[in-house]
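The residues making up each chain are set out below.
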Amino acid sequence: MDVLSKEWFELQDHRRRMFSRAVWIPVYGTVLPLERGRYPDIGHVEETLAVGSAVIFNNKREKAEKLDWHYWTLDNSTPYVGDDGQFFEAESFYDHPDERLGLRLVLTHYLNSAHPRQVFINQDFVLAYGLIEEGDYWLRPNEGYEQVVRLKRRDDGTITFVEIRSEYLKDYLAARNAALRLYYYRQRRAIIPNDPKFEWPKDFSLVSKPNDRLEVRCNEIDASGDSPGTTWAMFKAWRTDVDPEEEVPDFSGNDDEATETESTTGVRGDEGGRFLVAGEMWRGEWIEPAAKSCRIGYEEPDEALMVQIDGGGGRVDLKTLNYEEVGKYLWFKPEVVNDLLSRRGASMNWYTHDTGGISPSPDWLLHFGVNKLGLINAYAYDVARRPLWERRIWAAHNCRPDGGVSEELLQVQMACNPANTKSPEFLIHNAISWLAHVFQEKFAAELLRNHHEIEVLEGRIHRFRAIDENGLRSLAKDVVKATIERINKNSLLIALGESGSDKGTLKLLQSLLAKYTDETYAYSRMSPLFGVYDLRAADAHLSSSDVEECYVRIGVDRSAPLVQQAVQLIANVAKAFGVTGGDLKRHAPDPSHRAGVDS
């Protein structure tokens, strides 16, 4: 819709829209979606939305229906005591002292000109959904930190507009046996140089219904914003009996003989030449509650999530598996791990080579296993009892059974005999730390440089990055960043007793290992590290044959599923670092012995 068109001023687009169908529902404040120029300069264009609301109990809706715009605007929601001693709570919404119709979801408080207006979300709503405030949002941590309330502010930090996600608002209304009465005012106006000749009614009214009114107007104005020829008047009155020498003056008397007055009138101006065109809408709307409250307490919406439990292609509702003796496993694509880990507060721990725990939130890890094809297995009951928002993630990545159930997962869950293995994800971090510890012990120097992204990088080193070829190569880059690129070249030169070298850090590390073992062994041991280091540049510099050669040097079986290739990549790099540390531990002399030999 064109701005400044007849339809724009008549708010035809907004008249078609109802907040009851919106994802976000405003409950408080004023916002200017469009603002250009200054009033009353020609070219000024402005759109305003002002909102007032209250939660109205179902048995009070008829009375609330009769209240016009002025009842819903919110100045201060301060508790007070009436003349008869009755206490009025800050949140309560009254049409008169004896009739509590409902409550406010937003409370405001003005202190003085030194402080911006204080705006608060009703604590009952905050506590009902376990919300925390972060910046301009109220989030629900127990539902993936979903945004439930969002705010808009002025530059001074004052909250000017509050919106609530419809799903939560309607859930709350259902719990309170109430509906939200929303009353809002919209205005569009512009200052233009010519009369647009829109042929509007002389009484300005386009719509005149209870709780739904639309007025449009076009008036000529002058440079001050008033109608051309507008007059003004000023009246002045003063006392003539003021005695500045009197110590305690008393002006309590009303002696007209001791006062004088004067008045002045004038005309603002009659130049005109500009037109104020405006459309205004006042509307009351009901936001109905949900059929029932599904989120307060331990309730949740009733939603069918279909999953496959056998190779026949049949599907069942995941909630039917929510009993401990279900005796079924589910299969998931490895992408489910990346989806879960992308959520705020997510965590993953490894228990054995192919089993671990994962959760998209900080608590309550779900036990999973990885089968020989790289698919994820989890006990159906464990998945079925997760919160709904998390079950949606799992169900989205469910796939048909293939490759059997993870051997180590069956071993621990059904045979009560956990495997005595370690995951490569666990070993790589321990291997590089072990090498650094040995290096410090033998050569009194720090092998690794600190890296501000190391914690993030370590969290990204896992087999499920390899959902495609690019993911496998991206994993290789992060392995290099977290390990090889942290090696301090100067420390290696110190250990080798050299003052300088054109060799890179891997060549120097190979030379150090060869110094205490032999060249052939050192070359073989370091091969996976050179392979993964070269692979990091595969996208830009290496041919396909060179890429495959890198995988050979790392020790990756290219015929294996990609997830298993990632396992081999991480494991062989970890082994290279770990065994190098062990060799230096056994063969490099201690600092005191080396000093004696050097002397």
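Residues numbered from 1 in each chain as written. Predicted model: local features only at pLDDT ≥ 70, side-chain atom pairs only at ≥ 80, totals over all residues. Heavy atoms only, no water.

Asker: For the packing of helix α11 (residues 424-443) against helix α18 (residues 562-587), give the residues involved together with the corresponding values.
Answerer: Orientation of α11 relative to α18, taken along the N-to-C sense of each, is 20°, at an axis distance of 8 Å. In terms of orientation, α11 lies roughly parallel with respect to α18. Regarding α11 and α18, the two cross each other, and that crossing is left-handed. In this structure, α11 contributes Pro424, Glu425, Leu427, Ile428, Ala431, Ile432, Trp434, Leu435, Val438, Glu441 and Lys442 to the contact, and α18 contributes Val567, Ile570, Ala571, Val573, Ala574, Phe577, Gly578, Thr580, Gly581, Gly582, Leu584 and Lys585. (Axes fitted to C-alpha atoms, helices over the stretch in contact; angles between N-to-C directions. Helix = DSSP H or I, 4+ residues; strand = E, 2+ residues; numbered from the N terminus. Parallel < 35°, antiparallel > 145°, perpendicular 65-115°, else oblique. Left-handed = near helix turned anticlockwise from the far one by under 90°. Contact = heavy atoms within 4.5 Å.)

Asker: Give a description of the packing of aromatic side chains that names residues and reports values.
Answerer: Under the criterion given, the structure shown has 22 aromatic pairs. Between Trp69 and Tyr185, the ring centres sit 6.2 Å apart and the planes meet at 45°, which makes this aromatic pair tilted. You can see Trp69 sitting in helix α4 (residues 69-72) and its partner Tyr185 sitting in strand β13 (residues 178-192), a full 116 residues away along the chain. Under the relative-accessibility criterion, Trp69 is labelled buried at 15%. Accessibility expressed as a relative area gives 14% for Tyr185, which makes it buried. Between Phe88 and Tyr94, the ring centres sit 5.0 Å apart and the planes meet at 75°, which makes this aromatic pair edge-to-face. Exposure class is identical for Phe88 and Tyr94. Each is buried. Taken together through their ring pairs, the aromatic side chains of Trp8, Phe9, Phe198 and Trp200 make up a single cluster. In this structure, Arg189 packs its charged tip against the face of Tyr39, placed 4.4 Å from the ring centre. The positively charged end of Lys236 is found above the aromatic ring belonging to Trp238, 5.3 Å away from the centroid. (Phe/Tyr/Trp six-rings, centres within 6.5 Å; stacked < 30°, edge-to-face > 60°. Buried < 20%, exposed > 50% of the residue type's maximum accessible area, 1.4 Å probe, protein only. Lys NZ or Arg CZ within 6 Å of the ring centre and 35° of its normal.)

Asker: I'd like a description of unusual backbone geometry, backed by residues and values.
Answerer: At the junction of Tyr39 and Pro40, the peptide bond is cis and its omega measures out at 5° in the coordinates. For Pro40, the location among the structural elements is in the loop between β1 (24-36) and β2 (45-57). One non-glycine residue, Asn177, lies in the positive phi region at around 55°. Topologically, Asn177 is positioned in the loop between α6 (166-175) and β13. Its relative accessible area of 51% is what places Asn177 among the exposed residues. The residue Phe204 is not glycine, and still its phi comes out positive at about 75°.

Asker: Give me the packing of helix α13 (residues 469-482) against helix α16 (residues 519-535): which residues, what numbers.
Answerer: Orientation of α13 relative to α16, taken along the N-to-C sense of each, is 115°, at an axis distance of 8 Å. The two elements α13 and α16 cross, and the hand of that crossing is left-handed. In this structure, α13 uses Ala476, Val479 and Val480 to contact α16, whose residues at the interface are Val532, Tyr533 and Leu535. Residues belonging to the contact of α13 with α16 are distributed by class as follows: six nonpolar, no polar and no charged. (Nonpolar A, V, L, I, M, F, W, Y, C, P; charged D, E, K, R; others polar.)

Asker: Please give an account of the side chain of Thr48 that cites residues and values.
Answerer: For Thr48, the location among the structural elements is in strand β2. The contacts of Thr48, once residues within four sequence positions are left out, are Thr30, Val31, Leu32, Pro33, Tyr185, Arg186 and Gln187.

Asker: An account of a negative patch on the surface is needed here, citing residue identities and associated values.
Answerer: A cluster of acidic residues, Asp243, Glu245, Glu246 and Asp250, forms a negative patch on the protein surface. Mapping Glu246 onto the fold places it in the loop between β16 (231-239) and β17 (259-267). (Patch = residues over 30% accessible without salt bridge, like charges linked within 9 Å, V, L, I, M, F, W, Y side chains within 5 Å. Areas by Shrake-Rupley, 256 points an atom, 1.4 Å probe, with all protein chains shown as cover. Salt bridge = Lys/Arg side-chain N within 4 Å of Asp/Glu carboxyl O. Lys, Arg positive; Asp, Glu negative; His and termini not counted. Charge placed at Lys NZ, Arg CZ, Asp CG, Glu CD.)

Asker: I'd like a description of the pattern of salt bridges, backed by residues and values.
Answerer: Two side chains carrying opposite charge are able to pair once their charged atoms lie near each other. Tallied over the entire structure, the rule returns 44 salt bridges. Between Asp136 and Arg153 there is a salt bridge whose closest N-O contact spans 2.5 Å. Of this pair, Asp136 sits in the loop between β9 (132-134) and β10 (137-140) while Arg153 sits in strand β11 (residues 146-153); the two residues are 17 residues apart in sequence, bridging distant segments of the chain. Judged by its relative accessible area of 29%, Asp136 falls in the partly exposed class. Residue classification places Arg153 among the partly exposed residues on the basis of a relative accessible area of 34%. The partner of Arg217 in a salt bridge is Glu280, and the shortest N-O contact between them spans 3.7 Å. Within this pair, whereas Arg217 is found in strand β15 (residues 212-221), its partner Glu280 is found in strand β18 (residues 274-287), the two being separated by 63 residues in sequence. By relative accessible area, which is 18% here, Arg217 ends up buried.

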